[in-house]
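# Structural overview
Given next are the chains, with one letter for each unit.
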Amino acid sequence: MPYIYTTLDNKNMHTTTVLSSDLLEFLPSTAYLSSVFSTKSVNSGKWYFEVVFNTQLILGLAYNSTELGVNLLIDANTQNGFFIKSDGQIWGGGVNAYGNNTNIGASLLNKTIGVQLDFDSGKITYIVDNVKYSPYSNLTFKDNIYVYLGKEGGTASGKINF
């Protein structure tokens, strides 16, 4: 897999978002709708990264068209990317991957979530407790993909390892 140095982007985040000084941690905030993109995007190849869900967080593989600071949960069928919440619910790409109000069956709080993005096969895989969940396959990506972290509710925080 190719290596690209990236961090969370302090120039491409909602004004209420708070990041660590190394730009790898989405810090606790009670501000409504905090969110941030990664500094780099990808559009080909195979990619892997990990996120620790410290509290209620939304992790996304988002197109640049995703608006920062909006409630993504209002439209679970968002066309703006592919998302997973701290309760394990997966949605995006125009469909809720496992049907409405369903999830992978586990809370992601205080867990490290692996994310595999494979442009060649059009597949996204989430790895939780050594179990792989591949809700999307044969995808055609319409644009570059950024990593997105956003607040689900309460106080959101998480750390990313690119």
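It should be noted that the structure appears before, not after, this text.
A brief report on the enclosed structure follows. None of these values were measured; they are calculated from a predicted model.

## Notes on the environment of Gly105
Its location among the elements puts Gly105 in the loop between strand S8 (95-96) and strand S9 (112-118). Measuring from C-alpha to C-alpha, the distance between Gly105 and Gly88 comes to 6.5 Å, with 17 residues separating the pair along the chain.

## With respect to the side chain of Ser157
Positionally, Ser157 belongs in strand S13 (residues 156-161). Since its relative accessible area comes to 4%, Ser157 is described here as buried. When residues no more than four places from it in sequence are discounted, the contact partners of Ser157 are Phe26, Leu27, Pro28, Val52, Phe53, Asn54, Thr55, Gln56 and Leu57.

## Details of unusual backbone geometry
A positive phi is found at Leu23, a non-glycine position, where the angle reads about 60°. When you line up the elements, Leu23 lands in the loop between strand S1 (8-13) and strand S2 (25-29). For Asn130, which is not a glycine, the phi torsion comes out positive at approximately 65°. By the secondary structure assignment, Asn130 is in the loop between strand S10 (123-128) and strand S11 (131-136).

## A word on the packing of aromatic side chains
Two aromatic rings are characterised by how far apart their centres lie and by the angle between their planes. Taken as a whole and assessed by the stated rule, the structure comprises six aromatic pairs. With a centroid separation of 6.1 Å and an interplanar angle of 65°, the aromatic rings of Phe37 and Tyr148 are classed as edge-to-face. With Phe37 in strand S3 (residues 35-42) and Tyr148 in strand S12 (residues 145-151), this pair connects stretches of sequence that are 111 residues apart. When sorted by exposure, Phe37 lands in the same class as Tyr148, which is buried. A centroid spacing of 5.7 Å and a plane angle of 85° characterise the contact between Phe83 and Tyr148, whose relative ring orientation is edge-to-face. Within this pair, whereas Phe83 is found in strand S6 (residues 81-85), its partner Tyr148 is found in strand S12, the two being separated by 65 residues in sequence. Tyr148 matches Phe83 in its accessibility class, with the two residues each being buried. One aromatic cluster is present, formed by Phe37, Phe83, Tyr146 and Tyr148 through successive ring pairs.

## Focus on the sheet that holds strand S4 (residues 46-53)
Within the open sheet, the six strands sit side by side as S2-S13-S4-S9-S10-S11. Their pairing is antiparallel. The open sheet has two edge strands with one neighbour each: S2 and S11. Neighbour-to-neighbour, the strand axes of the sheet open up by a mean angle of 20°, direction not taken into account.

## Remarks on the nonpolar core
In this structure, Leu59 and Leu117 are the most contacted members of the largest nonpolar core, which totals 34 residues. Leu59 has contacts with Phe49, Val51, Phe53, Phe82, Phe83, Ile84, Val115, Val147, Tyr148 and Leu149, leaving out every residue within four places of it along the chain. Judged by nonpolar contacts, the second largest core, of eight residues, contains Ala62, Leu68, Phe83 and Trp91.

## Section: the side chain of Thr66
Among the structural elements, Thr66 can be located in the loop between strand S5 (57-63) and S6. With a relative accessible area of 3%, Thr66 lands in the buried category. A distance of 2.7 Å separates a polar atom in the side chain of Thr66 from the backbone oxygen of Asn80.

## Focus: the environment of Thr55
Relative to the helices and strands, Thr55 resides in the loop between S4 and S5. When its relative accessible area of 26% is taken as the criterion, Thr55 is described as partly exposed. Distance in space between the C-alpha atoms of Thr55 and Ser157 is 5.3 Å, their sequence separation being 102 residues. Among the polar contacts listed, one links the side chain of Thr55 to the backbone nitrogen of Ser157, at a separation of 2.6 Å.

Reading guide: rules and limits
Residues numbered from 1 in each chain as written. Predicted model: local features only at pLDDT ≥ 70, side-chain atom pairs only at ≥ 80, totals over all residues. Heavy atoms only, no water. Helix = DSSP H or I, 4+ residues; strand = E, 2+ residues; numbered from the N terminus. Buried < 20%, exposed > 50% of the residue type's maximum accessible area, 1.4 Å probe, protein only. Contact = heavy atoms within 4.5 Å. Phe/Tyr/Trp six-rings, centres within 6.5 Å; stacked < 30°, edge-to-face > 60°. Pairing = 2+ DSSP bridges. Axes fitted to C-alpha atoms, helices over the stretch in contact; angles between N-to-C directions. Core = buried A, V, L, I, M, F, W, Y, C linked by side-chain atoms within 4.5 Å. Polar contact = N/O pair within 3.5 Å; in protein donor to acceptor, adjacent residues only side chain to side chain.

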